[in-house]
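Reading the structure
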Amino acid sequence: LARLTSGLSRSSRQLSDNIAGVFTRRKLDDETLEELEDILIQADLGVETAMRVTDALATTRLGRDVSPEEVRDVMATEIEKVLAPVARPLELDLSFRPHVILVVGVNGTGKTTTIGKLAAKLRAAGLSVTLGAGDTFRAAAIEQLKIWSERTGSQFVGTKLGADAAGLAYEAYERARDNGSDVVIIDTAGRLQNKAELMDELAKIVRVLQKHDPDAPHTVLQTLDATTGQNALNQVDIFRNIAGVNGLVMTKLDGTARGGILVAISAKFGLPVYFIGVGEGVDDLEPFRASDFARAIAG
Ligand code: GDP
């Protein structure tokens, strides 16, 4: 929580300064509400949530003096209402054996690191895990995943740089099944520069996994970088369509993050948000908690 709060501190301070700028010695009226709405949109919260906040204020406090603290409280409450339905624990259906987790997202958003942290959690819960290095485009990604497998006591299935990612996914499943793993987690490349190729590659990965198990991949996680801002919205839209994303992880909330976009994404897509990344270490993956996050954003 401390890391999340400090990661979001710059943007939340900016937001609360702006709110204080509007509501110091001014009444809640159409003009101040409009200014507030603009501020909330600038903070990436999205039009829908911005209007929720201003509506909530308007119905109870119109024509009255309101303090910046009151505004921030209402804002935190309304943001929490948006986030509560998506803040869900990751529950893996282990009747699928191995349960297949496919991890997708734009390069650099934290896929490999998140896989390592997640593997550590699953291992700590007593599960056996195989990691498949399906980001065959970057030598560093393969090497990093191997290191994470050693660190977490997971099995590792890798291949040569430039090898076929779908072939690797097929083999990772096979090896996971044969070694009795409960879970196999497959890394992927996220080269958004060539969308057609990326789409083909992910579709092919899904197709070969389904030769093993028609329900695979059972969990498709997308990582989002909290420092990205508005573009994260497009990223979810793209990967949801091409990879069937059914859960999100927002990383890098420890840095100079702008977490507002996660509120807009939640309002728009309603996808579960399972974890947040708050650092590069093995323990820096935390469950997503709506009230903590709402408070950290509202300042
Ligand atoms: P990938 O290309 O999507 O696999 O991304 P990586 O897992 O390689 O991560 C890219 C960079 O972001 C690496 O330097 C990671 O250490 C770093 N990173 C990942 N998650 C976090 C996080 O939650 N906080 C911070 N500060 N850095 C992170």
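Residues numbered from 1 in each chain as written. Predicted model: local features only at pLDDT ≥ 70, side-chain atom pairs only at ≥ 80, totals over all residues. Heavy atoms only, no water.

- Going by an unreviewed UniProt entry, the protein chain carries the name Signal recognition particle receptor FtsY and comes from Roseitalea porphyridii.
- UniProt, in its Sequence similarities (unreviewed entry) section for the protein chain, records the words "Belongs to the GTP-binding SRP family. FtsY subfamily." (UniProt positions renumbered as here; feature names shortened; annotations may be inferred.)

Quick look at the pattern of salt bridges
- Inspection of every chain in the model, using the stated rule, returns 20 salt bridges.
- A salt bridge links Arg-191 to Glu-197; the shortest N-O distance between them is 3.1 Å.
- Residue classification places Glu-197 among the partly exposed positions, given a relative accessible area of 38%.
- Through salt bridges with shared partners, one network takes in Arg-26, Glu-31 and Glu-35. (Salt bridge = Lys/Arg side-chain N within 4 Å of Asp/Glu carboxyl O. Buried < 20%, exposed > 50% of the residue type's maximum accessible area, 1.4 Å probe, protein only.)

What about the packing of aromatic side chains?
- Tallied over the full model, the rule gives one aromatic pair.
- Looking at Arg-151, its charged tip hangs above the ring of Trp-148, at a distance of 4.4 Å from the centre. (Phe/Tyr/Trp six-rings, centres within 6.5 Å; stacked < 30°, edge-to-face > 60°. Lys NZ or Arg CZ within 6 Å of the ring centre and 35° of its normal.)

Structural notes on the site of the ligand
- The full set close to the ligand counts 17 residues, and Gly-108, Thr-112, Thr-113, Asp-254 and Glu-280 are the nearest of them.
- The contact in question runs from an oxygen atom of the ligand to an N or O atom on the side chain of Thr-113, over 2.6 Å.
- Between an oxygen atom of the ligand and a main-chain N or O atom of Gly-279, the distance comes to 3.3 Å.
- Protein burial of the ligand: of its 580 Å² of free accessible surface, 79% is covered by the chains. (Near = heavy atom within 4 Å. Polar contact = N/O pair within 3.5 Å; in protein donor to acceptor, adjacent residues only side chain to side chain. Areas by Shrake-Rupley, 256 points an atom, 1.4 Å probe, with all protein chains shown as cover.)

Here's the deal with the UniProt feature "domain: SRP54-type proteins GTP-binding" (unreviewed entry) in the protein chain
- Summarizing the sequence annotation, UniProt attributes the feature "domain: SRP54-type proteins GTP-binding" (unreviewed entry) to residues 272–285 in the numbering used throughout.
- With 0% helix and 43% strand, the stretch residues 272–285 has end C-alpha atoms that lie 16 Å from each other. (Helix = DSSP H or I, 4+ residues; strand = E, 2+ residues; numbered from the N terminus.)

Brief notes about helix 3 (residues 30–42)
- Helix length check: helix 3, at 13 residues, gives a terminal C-alpha distance of 18 Å against a target of 18 Å (1.5 Å per residue), a fit within 8%.
- Every buried residue of helix 3 is accounted for by Thr-32, Leu-33, Leu-36, Ile-39 and Leu-40. Projection of helix 3 onto a plane perpendicular to its axis shows the buried side chains occupying an angular sector of 120 degrees, all on one side. Exposed side chains of helix 3 directed beyond 90 degrees from the buried face belong to Asp-30, Glu-31, Glu-34 and Gln-42.
- Those residues of helix 3 that are buried lie in contact with helix 2 (9–23), helix 4 (47–61) and helix 5 (68–83).
- One or two steps after helix 3, the chain reaches Asp-44, where phi turns positive at roughly 75 degrees. (Expected span 1.5 Å × (residues − 1). Arc of directions from axis to C-beta. Contact = heavy atoms within 4.5 Å.)

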